[in-house]
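Here's the letter readout for the chains.
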Amino acid sequence: SSFRVAAVGQSHVREAVTTTSSLSSYGMVNAALGQPVTRTPVWLFRQAGRHLPEYMQYKKDSGKNFLQLLDDPKDVAEMTMQPLRRYDIDAAILFSDILVIAQAMGIDVTMPGGVGIQVPNPLSAPEDVLAMEKRGALKPDVSGRLSHVIESVGLIKQTIADENRGVPLIGFSAAPYTLLFYMVGGSSKKNTENGVRWLTEHPTESRVLLAALTDWVVEYCIAQIDAGADMVQVFEAMGEHITPELLEAFAMPCCREIAERIRAARPGVPLLCFARDATYANVALQQAGYDVVTLDCASERRGTREALAADAASRGVEPCSVQGNFDPRLLHRDDVGDGAASLEEIDEAVRQMLEDLGPERLIANLGAGLGGKEDTAKVKQFVDSVHKHSADMIAAK
């Protein structure tokens, strides 16, 4: 059976639906929907990008920085495909950035180098939101402002087919609070209190902005699905910089609405969510109708599964699938240190992760993104170990 979510008033019920349709040809989609798999599928946060020598070479040869690469669908497709050519991963993920919606709304985004992405002129007062409203920036215009991304999705799907890769494409977007956080703070490194300050000092304008961002995210994700994305990942990346109370009051209503609206518009497309540093929200995200919730490196593996199972049982439904949560530090190059493990230790840590989480209703991934200090041989070991151990475990059942 596959699962759908029925909206009953404001509550969402995950219910088994008996289908005559066969399983998806994609193991990743089956795992997301709680369907049988022969091995645990795996992909990696930031699997494309700076840990790959071929990415660094491409950037050098093209003379483009990260943000410039995102403007050309040919570059985006090439970057998306690079990790698929190197590793036996089970999905491609759109090579993009969490701030493209902010850019589409007219917010300046820069990449000065070495300090991550910056918003040099963040919103500084509630009037700035009204000014955005006046110039029409709060009304989504995905086909106008993000057409290059949607074109990239189509090109990636075509390239996956041309290269006979046989994997699904994951589309993605930042969640509304993550976008607001950057739009009012400018950076993930400094002024990190600005997000919370806006929610508490300017709640009305914050809600106006979050409502508009929710509209943008929904339309953006639906456009990616219509261009060929097989699944959609929502990143609430700034959980560290919000309190549980404010998350529930401001961020969660947006995440609920996103799941509800995408499901209503495009039923059957798996929805994944990652509330990084706020995985205490995973039960609420399961209730909201996400098919997959994500564990970060700090998450309790067995405890998470138990909490999700208890919540689902209390509502008479099936629990959602989970994603995560291998520690990327184990994949560091030996010269980097900081947790770097041997290939044998990585293999054993993968076995332990699968033991803790169980190999089914699982998408194996990292608990945080690849940062550029990883050894590609170790990343390959991680991917291959997931496949080998999970296939053995599932066969033994």
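This one's a predicted model, so the numbers in the text were calculated from it and none came from an experiment.

## Structural notes on the pattern of salt bridges
- All told, the structure shown has 28 salt bridges when counted by the stated rule.
- Of the charged contacts, one joins Arg 39 and Asp 88 as a salt bridge, the two residues approaching to 3.7 Å between their closest N and O atoms. Remark: Asp 88 occurs in the loop between α4 (73–86) and β3 (92–93) and Arg 39 occurs in the loop between α1 (27–32) and α2 (53–62); sequence separation between them is 49 residues.
- Take Arg 39: its relative accessible area is 30%, and that puts it in the partly exposed class.
- Judged by relative accessible area, Asp 88 falls into the partly exposed class, the value being 40%.
- Among the ionic pairs, Asp 72 bridges to Lys 74, the shortest N-O distance being 4.0 Å.
- Since its relative accessible area comes to 22%, Asp 72 is described here as partly exposed.
- With relative accessibility at 59%, the residue Lys 74 sits in the exposed group.

## Here we look at the packing of helix α11 (residues 203–226) against helix α12 (residues 244–265)
- In contact at an axis separation of 10 Å, α11 and α12 are set at 30° when each is read in the N-to-C sense. Classified by the angle between their axes, α11 and α12 sit roughly parallel to one another. In the packing of α11 onto α12, the handedness of the crossing is right-handed. Of α12, the residues touching α11 (which contributes Pro 203, Ser 206, Arg 207, Leu 210, Thr 214, Asp 215, Val 217, Val 218, Cys 221, Ile 222 and Ile 225) are Ala 249, Phe 250, Cys 254, Glu 257, Ile 258, Arg 261, Ile 262 and Ala 265.
- Here the contact of α11 with α12 is composed, by residue class, of 13 nonpolar, two polar and four charged.

## Quick look at helix α6 (residues 126–134)
- Among the residues of α6, those classed as buried are Pro 126, Val 129 and Met 132. In a view along the axis of α6, the buried residues occupy a sector of 110°, so they form one face of it. Structural note: α6 exposes Glu 127 and Lys 134 on the side pointing more than 90 degrees away from its buried face.
- Considering only its buried residues, α6 is in contact with α9 (176–185), α10 (194–201) and α11.
- Positive phi appears at Gly 136, one or two residues downstream of α6, with a value of about 85°.

## Topic: the nonpolar core
- Core analysis: the largest hydrophobic core is formed by 133 residues, its most contacted members being Met 105, Met 183, Tyr 290 and Phe 382.
- With 12 residues, α11 is the single largest residue contributor to this core.
- If sequence neighbours within four positions are ignored, Met 105 has contacts with Met 132, Arg 135, Ala 137, Leu 138, Met 183, Leu 209, Leu 213 and Trp 216.

## A look at the environment of Glu 374
- With respect to the helices and strands, the residue Glu 374 is situated in the loop between β9 (362–366) and α16 (376–396).
- Exposure remark for Glu 374: the relative accessible area of 4% places this residue in the buried category.
- Sequence spacing of Glu 374 and Gly 63 is 311 residues, and the spatial spacing of their C-alpha atoms is 23 Å.
- Leave out the neighbours within four places in its chain, and Glu 374 touches His 51, Pro 328, Leu 331, His 332, Arg 333 and Val 379.

## Some details on the packing of aromatic side chains
- In this structure the tally under the stated criterion is 10 aromatic pairs.
- Seen from their ring centres, Phe 326 and Phe 382 are 4.7 Å apart, and the 35° between their planes marks the pair as tilted. Here Phe 382 lies in helix α16 and Phe 326 lies in strand β8 (residues 321–326), a separation of 56 residues in the sequence. Neither Phe 326 nor Phe 382 differs from the other in exposure class; each is buried.
- Aromatic rings pair up to connect Trp 43, Phe 45, Phe 172, Phe 235 and Phe 274 into one cluster.
- The ring of Phe 250 carries the charged tip of Arg 207 above its face, separated from the ring centre by 4.2 Å.

What counts, and at which threshold
Residues numbered from 1 in each chain as written. Predicted model: local features only at pLDDT ≥ 70, side-chain atom pairs only at ≥ 80, totals over all residues. Heavy atoms only, no water. Salt bridge = Lys/Arg side-chain N within 4 Å of Asp/Glu carboxyl O. Helix = DSSP H or I, 4+ residues; strand = E, 2+ residues; numbered from the N terminus. Buried < 20%, exposed > 50% of the residue type's maximum accessible area, 1.4 Å probe, protein only. Axes fitted to C-alpha atoms, helices over the stretch in contact; angles between N-to-C directions. Parallel < 35°, antiparallel > 145°, perpendicular 65-115°, else oblique. Left-handed = near helix turned anticlockwise from the far one by under 90°. Contact = heavy atoms within 4.5 Å. Nonpolar A, V, L, I, M, F, W, Y, C, P; charged D, E, K, R; others polar. Arc of directions from axis to C-beta. Core = buried A, V, L, I, M, F, W, Y, C linked by side-chain atoms within 4.5 Å. Phe/Tyr/Trp six-rings, centres within 6.5 Å; stacked < 30°, edge-to-face > 60°. Lys NZ or Arg CZ within 6 Å of the ring centre and 35° of its normal.

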